[in-house]
There are 2 protein chains.
Amino acid sequence: MNDQLCLERSIKEDRIPPSDTKTRILDVAFRLFHEQGYHATGIATILREADVNSGSLYHFFPSKEALLIGVLEYATQIMHPVVMAPAEAAAEDGIERIFALLANYRTGMEMFQCKMGCPIGNLALEVADDHPPARALIDQNFRNWAAVIEGWLRSVGDRLPPSADLGQLSRFILTVMEGGIMQARAAGNLVPFDESVAQLRAYFNLLQEQARAAREVGKQ
Amino acid sequence: MNDQLCLERSIKEDRIPPSDTKTRILDVAFRLFHEQGYHATGIATILREADVNSGSLYHFFPSKEALLIGVLEYATQIMHPVVMAPAEAAAEDGIERIFALLANYRTGMEMFQCKMGCPIGNLALEVADDHPPARALIDQNFRNWAAVIEGWLRSVGDRLPPSADLGQLSRFILTVMEGGIMQARAAGNLVPFDESVAQLRAYFNLLQEQARAAREVGKQ
DNA sequence: CAAGAAGTTGAATGAACGATCAACTATGCC
DNA sequence: GGCATAGTTGATCGTTCATTCAACTTCTTG
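Reading the values: rules and limits
- Residues numbered from 1 in each chain as written.
- Chains lettered and ligands numbered in written order.
- Predicted model: local features only at pLDDT ≥ 70, side-chain atom pairs only at ≥ 80, totals over all residues.
- Heavy atoms only, no water.
- Contact = heavy atoms within 4.5 Å.
- Buried area = accessible area lost by both parts, 1.4 Å probe.
- Salt bridge = Lys/Arg side-chain N within 4 Å of Asp/Glu carboxyl O.
- Near = heavy atom within 4 Å.
- Polar contact = N/O pair within 3.5 Å; in protein donor to acceptor, adjacent residues only side chain to side chain.
- Helix = DSSP H or I, 4+ residues; strand = E, 2+ residues; numbered from the N terminus.
- Nonpolar A, V, L, I, M, F, W, Y, C, P; charged D, E, K, R; others polar.
- 1 Å grid on protein atoms, 1.4 Å probe; cavity = no way out; pocket = protein on both sides within 12 Å on 5 of 7 lines; lining within 4 Å.
- Points joined across faces, edges and corners; volume = space filled by probe spheres on them.
- Core = buried A, V, L, I, M, F, W, Y, C linked by side-chain atoms within 4.5 Å.
- Buried < 20%, exposed > 50% of the residue type's maximum accessible area, 1.4 Å probe, protein only.
- Least-squares fit on C-alpha atoms with pLDDT ≥ 70 in both.

Student: How would you summarise the interface of chain B and chain A if you had to cite specific residues and measurements?
Tutor: Across the boundary between the two partners, chain B contributes 47 residues, which contact 47 residues of chain A. The junction of chain B with chain A conceals about 4100 Å² of combined surface from both sides, 56% of it contributed by carbon and sulfur atoms. Considering only the surface of chain B that becomes buried against chain A, Leu125, Asp129 and Gln199 of chain B emerge as the three largest contributors, covering 18% of it. For the pair chain B and chain A, the number of links is 4 salt bridges.

Structural data, given as structure tokens:
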């Protein structure tokens, strides 16, 4: 969920009405919420950058909170094409797809000098407590993300232990990604993110070894 | 860094000047930044809840950003007695201390209906990009946290593989904690946190098994 | 006890905030 | 072409925001 900005721009240009007002508002609001956070972003800034008048914005979104909801629904829609599809194109194997995805997040972080991080993660910590409907949509975004990963994990068959809870493991990967990004932003460099990914890789290697050993036993 | 509120209050009552203005401001600001976030917390609210006039606050902290710095320094000081000491009292073994610490975070989350989470983590995502000195102090808080964990890990000796990078592993534990809290807040329940801890436990079991096997080989 | 330093009071400030609305224009449908 | 609906304009509203400051009180120190 890192480099939506760029890729989503290309999506926009492909479609027929590229500069439709509502989409332009969502596009800019999504970017500014990501860059500055929800509370730190003023409506006036969104209006200026989207080149829209306040009346138009309030025609589509009756309040700033409604705009937040709109942005989170927007994020749900663009998640797969923007975040998942590139990783699926980068690797065929389920496990390698996961690390390709993490590498893409790394690249996104690198492009913005370790700033911004994950737009959904940022909003999760900033607004989840105070805006229940937003919390639900953030949760939905996380669930969708993990569901894709779980699909990748299922595709590797017996290379992971049959006892492993793949749904749980998919959410653990999200945990590691978000935690790694948080520390990288605090550090101002990617070392903590890389270290977290390295530990995750070590875990996966041990899981695969465990599965291999179990298969040997099964053969006998 | 979850239940500082309660424990730090008891600290305050022990010391000689318990209701010193500056400490009262820091106490309230820390709590409100934790509960509502930095931008969502108005100076007026801090003044009201700390029962202090604006002039007094600006006597100690020339700006809201300076107050943020003060709060982060405050957090650095109270981290060990409030967060680490209880876990050290709860378990002797290094590895069990880690999971006791995570259990304490869980309890803190439970007390507040899965809200608030980690005060440092929240600020990391909200202000790290825009306030470089705050970013450095957040990083310092994370480093101190992980350094304590690393000490615990070193104390377990050969029960972890000699090849394991214990500094890296300590930061990975912070990653898992923060990522698990983020998902729990989004979900509105503790399941994702518990799952993350379960996966971390599985990883530790595999690491210990690996170390045991290596020891066997070494004996021969 | 004198005198300066440290801390406190609280009304006032201008800027930025989210939100409103009556008037206006474009669009789609019969 | 008529008429409602959808979308747009931009000045304006009241509120809240972080911050200021001159006057005042309390503490410190010689």
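Student: Outline the protein's contact with DNA strand D, supporting the account with residue identities and numerical values.
Tutor: For DNA strand D, the set of nearby residues contains 15 residues, the closest of which are Thr21 and Asn53 of chain A together with Ile43, Ser54 and Lys64 of chain B. Close to the protein, within 4 Å, the atoms of DNA strand D are drawn from sugar and phosphate at a rate of 57%. At 2.8 Å from a phosphate oxygen of DNA strand D is found a side-chain nitrogen or oxygen belonging to Asn53 of chain A. A distance of 2.9 Å separates a base oxygen of DNA strand D from a polar atom in the backbone of Gly55 of chain A. Elements with a contribution of two residues or more to the surface near DNA strand D: α4 (54-60) of chain A together with α4 (54-60) of chain B. A total of 5 residues in the surface near DNA strand D trace back to one element, the largest contributor, which is α4 of chain A. Looking at the surface near DNA strand D residue by residue, the class counts come to 3 nonpolar, 11 polar and 1 charged.

Student: Can you tell me about the protein's contact with DNA strand C, naming the residues and giving the values?
Tutor: Neighbouring DNA strand C are 15 residues, the closest being Ile43, Ser54 and Lys64 of chain A together with Thr21 and Asn53 of chain B. Near-protein atoms of DNA strand C (within 4 Å) split between backbone and bases, with sugar and phosphate holding 57%. Interatomic distance of 2.7 Å between a side-chain N/O atom of Ser54 of chain A and a base oxygen of DNA strand C. A distance of 3.0 Å separates a base oxygen of DNA strand C from a polar atom in the backbone of Gly55 of chain B. Elements with a minimum of two residues in the surface near DNA strand C: α4 of chain A together with α4 of chain B. Sort the elements by how many residues they give to the surface near DNA strand C and α4 of chain B lands first, with 5 residues. Split by residue class, the surface near DNA strand C holds 3 nonpolar, 11 polar and 1 charged.

Student: Which residues make up empty space enclosed by the protein, and what are the values?
Tutor: Empty space among the atoms becomes apparent when a probe as large as a water molecule is rolled across them. A complete count under the given rule lists 4 cavities of 30 Å³ or more for this structure. Reported here for the largest cavity is a volume of approximately 70 Å³. Around the largest cavity, the lining residues are Leu125, Glu126, Asp129 and Asp130 of chain A together with Phe33, His34, Glu35, Gln36, Gly37, Asn122, Glu126 and Arg185 of chain B. Those elements giving two or more residues to the lining of the largest cavity turn out to be α7 (119-127) of chain A together with α2 (21-36) and α7 (119-127) of chain B. A per-class count over the lining of the largest cavity returns 2 nonpolar, 4 polar and 6 charged. In this model, the second largest cavity occupies a volume close to 60 Å³.

Student: I'd like to hear about the nonpolar core, residue by residue, with values.
Tutor: Core analysis: the biggest nonpolar cluster contains 144 residues, and Leu67, Trp145 and Phe204 of chain A together with Leu67, Trp145 and Phe204 of chain B have the highest contact counts within it. Setting aside chain neighbours within four positions, we find Leu67 of chain A in contact with Ile25, Leu26, Ala29, Phe33, Ile46, Leu57 and Phe61 of chain A.

Student: Hey, could you go over the relation of the copies chain B and chain A for me, with residue numbers and the actual values?
Tutor: When chain B is fitted to chain A, the best match, at an RMSD of 0.0 Å, comes from turning it 180° and sliding it 0.0 Å along the axis. Here the transformation between the copies is reduced to the relation of a two-fold axis. Within chain B, Gly179 of chain B has its C-alpha nearest the rotation axis, a separation of 2.2 Å. Here 100% of the contact residues of chain B are again contact residues in chain A; the copies associate through an equivalent surface.

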